[in-house]
Amino acid sequence: MSAFDRVAAVVPALNEEGNIGAVVAGLRLAGVDRIVVVDNGSTDKTASEAAAAGAKVVHEHRMGYGQACQTGSEAALDDGAEFLVYIDGDQSSRPGEIDDLVQPLLDDTADLVLGSRVLGTRERGAMGAHQRFGNWLTAALMRRLYAIDVTDLGPYRAIRGDLLVALNMREMTFGWPTEMMVKSAKRGSRIVEVPVSWDRRGAGESKVSGTLKGSMLAGYHILGVTLRNARG
Ligand SMILES: Nc1nc2c(ncn2[C@@H]2O[C@H](COP(=O)(O)OP(=O)(O)O)[C@@H](O)[C@H]2O)c(=O)[nH]1
Ligand SMILES: [Mg+2]
């Protein structure tokens with residue numbers, strides 16, 4: 001039995017050919033056997049590259065980063081996973097750091113573990129100024145509105161499966177990670193941050209923070225979820 005028997009990694013992926021195989025291989029090397037790659041209508045070889053590296057590939061035709069994460073989570077839970085780890089498919093997070101995210105769940109000292117790139121080290125050029133500002137602003141709002149001690153809104157994170165189900169997630173966009181944080185906080189769940197590294201993506205182009213449209217949409221959804229949930 002490995003320490004990760006109860007863990008599944010969920011990787012949302014949209015056109016990550018040239019990256020996804022390395023991410024899956026890295027996760028396997030780290031000891032994770034259950035890896036779900038959610039292909040969201042990629043037009044490249046993302047799905048076959050992921051499968052060849054040993055991942056289970058789920059195709060989700062409804063678009064959206066959150067939808068991909070949700071669908072992948074459900075597939076992993078159906079498969080018997082108890083803990084879910086999310087990691088981007090572009091090689092910006094390091095699969096080898098997964099232990100740091102999962103250990104607090106295995107130790108039962110946290111229900112949600114957030115990888116903070118502010119507490120960790122960032123490769124030069126891996127995060128634009130607008131993204132740093134947006135993360136800083138939202139984290140400050142969350143500290144104030146929800147009294148959670150967070151420094152970042154990174155995609156590399158781990159959650160108890162039963163908590164995710166209880167959260168009844170609704171935001172199928174880039175607001176999904178934010179919804180997870182604010183709803184967990186409102187329930188009084190134990191939220192812990194751990195430092196993680198953040199590298200420039202491997203192959204290909206950013207679909208979110210690297211484009212004006214992606215950044216505006218992400219900011220709109222993230223701030224919207226943060227403010228809406230604070231009421232009531
Ligand atoms: N399934 C799915 N994945 C997406 C979508 N948009 C982005 N991704 C994935 O989400 C992760 C983050 O996207 P990325 O383009 O790297 O954004 P950035 O890190 O802000 O530059 C990557 O693994 C993408 O492949 C989407 O609409 N659906
Ligand atoms: Mg990226």
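See above for the structure.
So, here's what we can say about the structure.

Looking now at the packing of helix α5 (residues 129-146) against helix α8 (residues 212-230). At their nearest, the axes of α5 and α8 sit 10 Å apart, and the two run at 5° to each other. Considering the angle they form, α5 stands roughly parallel to α8. Residue-level inspection shows His130, Leu137, Thr138, Leu141, Met142, Leu145 and Tyr146 of α5 in contact with α8, the latter providing Ser215, Ile222, Leu223, Val225, Thr226, Leu227, Asn229 and Ala230. Split by residue class, the contact of α5 with α8 holds 10 nonpolar, 5 polar and no charged.

Next up on the list: the environment of Val118. If you trace the backbone, Val118 turns up in the loop between β5 (112-116) and α5. A C-alpha to C-alpha distance of 30 Å links Val118 and Asp5, two positions 113 residues apart in sequence. When sequence neighbours within four positions are dropped, the list of residues in contact with Val118 reads Thr151 and Asp152.

Summarising the element assignment, Ser197 is placed in the loop between β7 (191-195) and α8. Distance in space between the C-alpha atoms of Ser197 and Leu153 is 13 Å, their sequence separation being 44 residues. Once residues within four sequence positions are removed from consideration, Ser197 is found in contact with Ser92, Ser93, Arg94, Glu97 and Thr121. At a separation of 3.5 Å, a polar atom in the side chain of Ser197 contacts the side chain of Arg94. Within the local environment of Ser197, its side chain forms a polar contact with the side chain of Glu97, the two groups lying 2.5 Å apart.

A separate point is the sheet that holds strand β1 (residues 7-13). An order of β3-β2-β1-β4-β6-β5-β7 is seen for the 7 strands of this open sheet, with the pairing classed as mixed. Only two strands of the sheet have a single neighbouring strand rather than two, namely β3 (56-59) and β7. Pairwise comparison of adjacent strand axes, ignoring direction, gives a mean angle of 20° for this sheet. Note: strand β2 (residues 34-39) against β3, 4 bridges, orientation parallel. Bridge assignment links Val37 to a residue of β3, and that residue is Val57. On top of the sheet, helix α3 (residues 65-78) reaches β1, β2, β3 and β4 (83-86); it is set at about 150° to β1, its chief contact.

Moving on, we get to the nonpolar core. What tends to happen in soluble globular proteins is that the nonpolar side chains get buried as a cluster. In this structure, Leu84, Tyr86, Met142, Ile159, Leu164 and Met180 are the most contacted members of the largest nonpolar core, which totals 34 residues. Listed in part, the 27 residues of the second largest apolar core include Val11, Ile20, Leu27 and Val85.

This part covers the side chain of Glu193. Locating Glu193 in the fold gives a position in strand β7. In this structure, Glu193 is buried with no salt-bridge partner, the nearest side chain bearing the opposite charge being Arg143 at 7.2 Å. Polar contacts involving the side chain of Glu193 include one to the main-chain amide nitrogen of Thr151, which spans 2.8 Å. For Glu193, the side chain forms a polar contact with the main-chain nitrogen of Asp152, separated by 3.3 Å. Not counting chain neighbours up to four residues away, the residues in contact with Glu193 comprise Leu114, Ser116, Leu119, Asp149, Val150, Thr151 and Asp152.

Before going further, it helps to spend a moment on helix α7 (residues 176-187). For α7, spanning 12 residues, the distance from its first C-alpha to its last is 17 Å, which sits close to the expected 16 Å at 1.5 Å a residue. When α7 is considered as a whole, its buried residues turn out to be Trp176, Pro177, Thr178, Glu179, Met180, Met181, Val182, Lys183, Ser184 and Ala185. Of the residues trailing α7, Gly188 is marked for its positive phi of about 80°.

Looking at the largest pocket, its volume works out to about 1300 Å³. Elements represented by at least two residues in the lining of the largest pocket include exactly β1, α3, α5, α7 and α8. A per-element tally of the lining of the largest pocket places α8 first, with 10 residues. Of the residues belonging to the lining of the largest pocket, the class tally is 22 nonpolar, 19 polar and 9 charged.

Before going further, it helps to spend a moment on the site of ligand 1. Taken together, 19 residues surround ligand 1, and among them Glu16, Asn40, Asp90, Ser206 and Lys207 come closest. Measuring from an oxygen atom of ligand 1, one finds a backbone N or O atom of Pro12 at 2.9 Å. Within the contact set of ligand 1, an oxygen atom lies 2.5 Å away from a side-chain nitrogen or oxygen of Ser206. Here ligand 1 loses 92% of its free accessible area of 560 Å² to cover by the protein chains. For ligand 1, the cavity whose grid points lie within 2 Å of the majority of its atoms is the largest pocket. Counting residues per element, the ones that place at least two in the shell around ligand 1 are β1 and α3. Split by residue class, the shell around ligand 1 holds 9 nonpolar, 5 polar and 5 charged.

Each value, and the rule that gives it
- Residues numbered from 1 in each chain as written.
- Chains lettered and ligands numbered in written order.
- Predicted model: local features only at pLDDT ≥ 70, side-chain atom pairs only at ≥ 80, totals over all residues.
- Heavy atoms only, no water.
- Axes fitted to C-alpha atoms, helices over the stretch in contact; angles between N-to-C directions.
- Helix = DSSP H or I, 4+ residues; strand = E, 2+ residues; numbered from the N terminus.
- Parallel < 35°, antiparallel > 145°, perpendicular 65-115°, else oblique.
- Contact = heavy atoms within 4.5 Å.
- Nonpolar A, V, L, I, M, F, W, Y, C, P; charged D, E, K, R; others polar.
- Polar contact = N/O pair within 3.5 Å; in protein donor to acceptor, adjacent residues only side chain to side chain.
- Pairing = 2+ DSSP bridges.
- Core = buried A, V, L, I, M, F, W, Y, C linked by side-chain atoms within 4.5 Å.
- Buried < 20%, exposed > 50% of the residue type's maximum accessible area, 1.4 Å probe, protein only.
- Lys, Arg positive; Asp, Glu negative; His and termini not counted.
- Salt bridge = Lys/Arg side-chain N within 4 Å of Asp/Glu carboxyl O.
- Expected span 1.5 Å × (residues − 1).
- 1 Å grid on protein atoms, 1.4 Å probe; cavity = no way out; pocket = protein on both sides within 12 Å on 5 of 7 lines; lining within 4 Å.
- Points joined across faces, edges and corners; volume = space filled by probe spheres on them.
- Near = heavy atom within 4 Å.
- Areas by Shrake-Rupley, 256 points an atom, 1.4 Å probe, with all protein chains shown as cover.
- Sits in = over half its atoms within 2 Å of the grid points.

Keep in mind these values describe shape, not function.
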